[in-house]
Amino acid sequence: MVGRERELEELGAALSGAAEGRGGLLLLSGEAGVGKTSLAESAVETAPLGCLRAAARADGSAPYAPVAEVLRAFVRRHPDGLPRTEPLVAHLAAVVPEVGPAPTEDVDRETLVAALRYAFGALAEREPSVVFLDDLQWADAATLELLPVLAEASEEWPLLVLGAYRSDEIPRGHPLRRLRIDLRRAARLSELAVEPLDPEATARVAARALGAEPGPTLSAALYDRTLGVPFLVEELAVAFQATGRLRPGPQGLELEDGSIVPLPETLRDALRLRADALSEAGRATLELAAVAGTRIELDLVAELGHDEGLGELIERGLLEETEPGVAAFRHDLVREAAYKDVHWPRRRALHRELGRLLEERGADPNLTAQHWLAAGERERARPLLVAAARSSCEIHAYRDAATAARAALEIWPEGEDEAGRTTVLQELGRCAQLCGEVAEARRVWEELVAALDGNAAPERLAGVKQGLGAVYALEGAWAYAAAARREAAEAFEAAGRDAEASGEWLLAAEALWDDEDPAACEGAYERAVEAARRAGRTDLESRALGILGFVTARAGRRDEGLALMRLALSLALDGNHVEEAVEAYWTLGASANDWGDFGAAESVFDEALAFCRVNEREAEEEFCLGCLGVVLGNAGEWDRAEQLGRDLLERPGLEPLSRAHVFLTQGTIATARGATKRGRRLLGRAHALAGEFGLAHSEQDAEFALALADELEGTASSRWHGLVTMPIESIGAGRPRGLRLAATFAAHRGDEKLLNACAEATADYTARFGSADALAALAHVLGEVALLNGKRAAAAEQFGQALERLEQLDSPFERALTQARTGVALIAAGERELGIERLVGAYHTFRKLGARPFANRTAAELEAAGERVDRRLGRRAARDLEQHGLTRRELEVLRLVAVGRTNREIAQQLFLSPRTVDMHVRNMLGKLGCRSRTEATARAHELGLLGPVAARSPELEPSR
C-alpha cells in the first residue's frame, strides 16, 4: 500500500466503527487500476470483522446479482444463518433460490426489500462484518436502489457495506449518480476518493515490482505513461523486465538504448509483450477467457475445448482461480486489453459459441443475450432480452426490466410481429413508470396509443390509456390526464369491467378538481357512482359519493352535498369499508369547516377519531387530528389547537399531510399572536408540504397568513393582490378570513384598488357559497369600502350586518375583528358610546385569544378617539400600548440586553436569580417575535423601547 497511509487510516476508522456497532455504507471511488480493490482487501485483512464479497459483472447479470452472491456465501458459511422459521426468509427465494422454496403468492417489492434487509441484519447479528461490493459501475439498478436501504439500516448494526466503483465510468444518467444524490439528500453519502500516486510513490511501486530501484529516466517515463495509476505501473514495469528491455544504470534500472515506451495504449502494449511468450494454446485460452467476461466458469472453457492453456495463464499470473471451478483475470483492465486484441471475426465466433452453450444450459437470459448481441445474432438475442425484462419485472427490478425491454425493442425488425412488439412496448411503459422514468414512460405510452390506432380490444386500450393518464398526472398535465382517464373508463365500461371503470372515473374527476369546468368534475364523479353500482362495489360507490358530495357543497349546494356525504358514510359503515368511512368522515368535517359550522366539524372529527382508534388506523387518526387542529384554530380555540399540534409532532413517523395541517395551524396562530418570525418558519414549511402534495387550498391559507405577517411587521404585503384576484373556481371555501384581513389592511392604508378587488372577490364568493361566513365577509368588506369613501353611517350599518351574521358562527377572532371595525365606524358616525363599547368588547376578545397585535391596535383606536386607555381597558392595556406588551421588569431586562449584559450580569444588577432572568429573556423574545438577543435589540430600537418613552410601532397605528 505505497502512498496510501491516509486512505488506510480513514478506511480503518470506518471498519473499527462497524466492529463497535456503528456501521453504514462507504463508497470507494477512483479510476480503473488506481488500487481500490487492493486498498479494501488490505484494510479488511487486518480488521476484526468477517468479510463477504461480490463483484458486479460488465457483461450483464440478473437483478440483485451481487447481493445474491453475498447471501449465498453467507449461507454456505453459516447454514443456519437464515432460519426457515422466519417468515421473511421464504421471500428471499425470488433472489436466492438456495434458501428454499418460494411462497406461492406473488412477493411485492416492499416485502422483498424487507426480506433482503432482514438477511443483512442476520448477517451482522452472526458476527461483525464487512460486505465488499466491487465494480459497482456495472451493478444492476436493483442492487444500487437497495443500497440506501442498507445504508440506513446498517448504521445500527455491526456491518459496513463497502462499495467500490470506477469514477471514470459513470456518465450522466448512470444509476450510480442517482444513488449518490439519494445518499447525499439523506445525509448518508460517505465516500473515500482514491487518487493516483505522485511521481515519488510511482517510483516506489515500480521498485517493488522490479525488485530494484528504477533510474530517473525510467521513473519519469513510467509516470508519464501511467499518470501514477499503480496497476498500470506494475504491468508496464513487469513487461519491460520480462522482455529484457532494462539495464542497470548509475542511479538504478533504465531502458536499454533505443527502447521506446509503448504508445499510446500502454496496458494493451504491455499485455502484448507478455502474451508473446505464450504458447498457441495459451493464447487461444486467453482469447476465450477475455470474451467469456469477468467470471470464467472453467467447465465452460473445457466444454469448448480451450482448457489446455488454463494452467499456463494461471502460472503467468494472467488468471487466478477465485473459487473452485471459477477463474478471473488479475484485474479487469487486463481482460479489457486482451478483449481488444482479439480480431473481430474470432471475437464474434467465440461469442456465438458461448451464447449457444449458455442458452443450452439455461443460463441467465440477459447474460446469454449479451453474447448473442456481440456475435451479431440479433434474432437470437431478442427473445432472451424480452425474457430478461419479464423475469426482472417479477422481482420488481423495474429499472433493469426497462433496460432489457428497451434493448429488445431497439433491435426489433420493422413490420415484424407487431402484436408482440406492442406487448413489449406496453411492458416497457409500465416498468418505466414504476421506476420513476416518467418522461420515458410518457413517450412509450403515446407511441403505443398511436400503434394501436383504436383497433385494439377495449380491455387493452383501457390499460394503455390508464398508463398514459397516470404519467400525465405525474407530470402535472391535469387536462391531458383527465382526458386519458375518461377514455380509459369508457373502454373499461365497453369491456364490461365496471369496477375498473369506476376507479378511472374517480381519477378523471380528481384530475378535473381545479379545472374551470366544475360540471365536468361532478359528471365524472356521477359516472363513477353509476359504474360502482353496476359492479356491486359499495366501497367505490361510497368513495365517489363522498367526494361528489364535497364538490357539490363547494359549489354552493350545501344540503344536496350533505345528503350525498351522509349516504357515503352510511354505505362505508354498513360495508365495513374502513378507508372509505374515514374519507367520508373527512368530507363531512371539511365541508362543515368550509361553511363555518365549526361545532359540527369538531363533532364529525371526534367521531372519526373514535372510529380510527377502534379500527387501529393510526395514520388516519393522525390525519383527523391534524384536521381537528385546523377546525379548533378557526373556532378560536387556539390553545387547544396548539397543544394538539405539539402532541402530534411528537409522534414518530407523522405523515407529511398531517404535518402540513399542524404547521399551517400553528403558523397562523403564532402570526396572529405577534410571533411573526416563528409564524413565518411554520407557514413556510406548511406551504412547501402543501405544494408538494397538491393541497392548493392549504397553500392559499398559508399565503394569506404570510401576508398577515408582512402587515404586522409594518410592510404592505405584495401577496394580497394575487390571492384576492384568483379565479373563483380555484379558491378554497375557507376564504372569508383572508378577504376580511386583506380589506381591513387595504382600508388602513387607503389602498382603494386592493379594497375594490376584495369587494369584487367577496361578492363572487358569496354568490357561489352563500354561507353565513361568506355573507358576513361581504358585509365587512363593503363596510371597509364605505368607511374609506367617507360614508360613515353606511359603513356602520354594513359592519353591524356583518356582526349579526357572525353571531351564527363560533368564530371569536373574526367577530372581534369586525366588532373593532364596527366601533371605529360608529364613532366616526357620531355614535360614540356604542362605538367605544364595540372597541372594548373586541379588545377583551383579542386579549383572551392572545392576539396581541390586534389588541394593541384596538387600544390605539380607543386612544385615537380621545379615550383614556387605562380607564377604559385597564393599566395593563395602557402599558401594552406603550411598552409593546412587555412588563416593567421585561423592559428593564431588554434595556440591559441591548447594552450587551449577560444573564449573570443582569441578575447581579437587578438582584435576581439567573434562572429568573433567563425566564424574562425568553418571555421578552417571544413577545417581540425574535429568536436572538441581537434581533431583539434591533427590534427594540425600531419600536423605540430603549428610550425613556416608548414610541409606537406600525401595528399600533390607528386607522385614519
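Above this note sits the structure.
Every value quoted in this text rests on a predicted model; they were computed, and no experiment measured them.

K.L.:
Describe in detail the overall build of the protein, supporting the description with residues and values.
P.N.:
Along the protein, the regular secondary structure elements total 48 helices and 10 strands. Oriented by its inertia axes, the alpha-carbon framework of the protein measures out at about 115 × 80 × 55 Å. Within the protein, the proportion of its 960 residues that are buried is 53%. The long-range share in the protein, meaning contacts at least 24 apart out of those at least 6 apart in sequence, stands at 64%. Carbon and sulfur atoms make up 49% of the accessible area of the protein, which amounts to about 41400 Å² in all. Side-chain charges of the protein comprise 114 positive and 153 negative groups, with the mean position of each set lying 7 Å from the other.

K.L.:
Can you tell me about the pairing of strand E2 (residues 50–55), naming the residues and giving the values?
P.N.:
Along a regular strand, successive side chains alternate from one face of the sheet to the other. Here E2 shows one buried face, formed by Gly50, Leu52 and Ala54, and one open face, formed by Cys51, Arg53 and Ala55. In the sheet, E2 pairs with strand E3 (residues 129–134) via 6 bridges, with the strands oriented parallel. Across the sheet, the residue bridging to Leu52 is Val131, located in E3.

K.L.:
Lay out the sheet that holds strand E8 (residues 296–297) in plain terms, naming residues and giving numbers.
P.N.:
The sheet built from 3 strands is open, its strands ordered E8-E10-E9 with antiparallel pairing. The open sheet is flanked by E8 and strand E9 (319–323), the only strands paired with a single partner. Strand direction decides the pairing type here: E9 and strand E10 (residues 326–329), joined by 4 bridges, are antiparallel. When the bridges of E10 are listed, Glu320 appears paired with Ala328.

K.L.:
Just give me the short version of the sheet that holds strand E1 (residues 24–30), but keep the residues and values in it.
P.N.:
Read across the open sheet, the 5 strands follow the order E2-E3-E4-E1-E5; overall the sheet is parallel. Taken across any chain shown, the strands that pair with only one partner, and hence form the sheet edges, are E2 and strand E5 (191–193). Direction aside, neighbouring strands of the sheet carry axes that sit 20° apart on average. Pairing of E1 with strand E4 (residues 159–166) involves 7 bridges; the strand directions are parallel. Paired with Gly24 across the strands is Leu160, a residue of E4. Of the strands in this sheet, E2 and E3 touch helix H3 (residues 65–77), which is tilted by about 145° from E2.

K.L.:
Any chance you could break down the pairing of E4 for me, citing the residues and the numbers?
P.N.:
For E4, a buried count of 8 out of 8 residues is recorded, marking the element as mostly surrounded by other parts of the structure. By the alternation rule, side chains of E4 split into Leu159, Val161, Gly163 and Tyr165 and Leu160, Leu162, Ala164 and Arg166, which are all buried. In the sheet, E3 pairs with E4 via 5 bridges, with the strands oriented parallel. Bridge assignment links Phe132 to a residue of E4, and that residue is Leu162.

K.L.:
Outline the nonpolar core, supporting the account with residue identities and numerical values.
P.N.:
Burial of nonpolar side chains together is a common tendency in soluble globular proteins. Formed by 149 residues in total, the largest nonpolar core has its most connected members in Tyr525, Trp720, Val724, Leu741, Phe813, Phe846 and Phe854. The residues touching Phe813, leaving out its near neighbours within four places in the chain, are Trp638, Arg737, Leu741, Phe846, Leu849, Ala851 and Phe854.

K.L.:
Break down the packing of helix H29 (residues 598–614) against helix H30 (residues 618–634) for me, with residues and values.
P.N.:
Closest axis-to-axis distance for the H29/H30 pair is 9 Å, and the angle between their directions is 165°. With respect to H30, the axis of H29 lies roughly antiparallel. The way H29 lies across H30 gives a crossing that is left-handed. Each of Phe598, Ala601, Glu602, Phe605, Asp606, Ala608, Leu609, Cys612 and Arg613 in H29 lies in contact with H30, whose residues at this interface are Glu620, Glu621, Cys624, Leu625, Cys627, Leu628, Val631, Leu632 and Asn634. Classifying every residue of the contact of H29 with H30 gives 12 nonpolar, 1 polar and 5 charged.

K.L.:
Tell me about the environment of Pro199, residues and numbers included.
P.N.:
Position of Pro199 among the secondary structure elements: in helix H8 (residues 199–210). Looking at Pro199, the relative accessible area reads 46%, which means it is partly exposed. Taking the C-alpha atoms as reference points, Pro199 and Ala859, 660 residues apart in sequence, are found 80 Å from one another.

K.L.:
Describe in detail unusual backbone geometry, supporting the description with residues and values.
P.N.:
Negative phi values dominate among residues other than glycine, just as trans dominates among peptide bonds. Despite not being glycine, His396 shows a phi value in the positive range, around 65°. One can find His396 in the loop between helix H18 (378–394) and helix H19 (398–410). The backbone of Glu616 sits at a positive phi, close to 55°, despite the residue not being glycine. With respect to the helices and strands, the residue Glu616 is situated in the loop between H29 and H30. For Glu616, a relative accessible area of 71% translates into the label exposed.

Reading the values: rules and limits
- Residues numbered from 1 in each chain as written.
- Predicted model: local features only at pLDDT ≥ 70, side-chain atom pairs only at ≥ 80, totals over all residues.
- Heavy atoms only, no water.
- Helix = DSSP H or I, 4+ residues; strand = E, 2+ residues; numbered from the N terminus.
- Buried < 20%, exposed > 50% of the residue type's maximum accessible area, 1.4 Å probe, protein only.
- Contact = heavy atoms within 4.5 Å.
- Areas by Shrake-Rupley, 256 points an atom, 1.4 Å probe, with all protein chains shown as cover.
- Lys, Arg positive; Asp, Glu negative; His and termini not counted.
- Charge placed at Lys NZ, Arg CZ, Asp CG, Glu CD.
- Pairing = 2+ DSSP bridges.
- Axes fitted to C-alpha atoms, helices over the stretch in contact; angles between N-to-C directions.
- Core = buried A, V, L, I, M, F, W, Y, C linked by side-chain atoms within 4.5 Å.
- Parallel < 35°, antiparallel > 145°, perpendicular 65-115°, else oblique.
- Left-handed = near helix turned anticlockwise from the far one by under 90°.
- Nonpolar A, V, L, I, M, F, W, Y, C, P; charged D, E, K, R; others polar.

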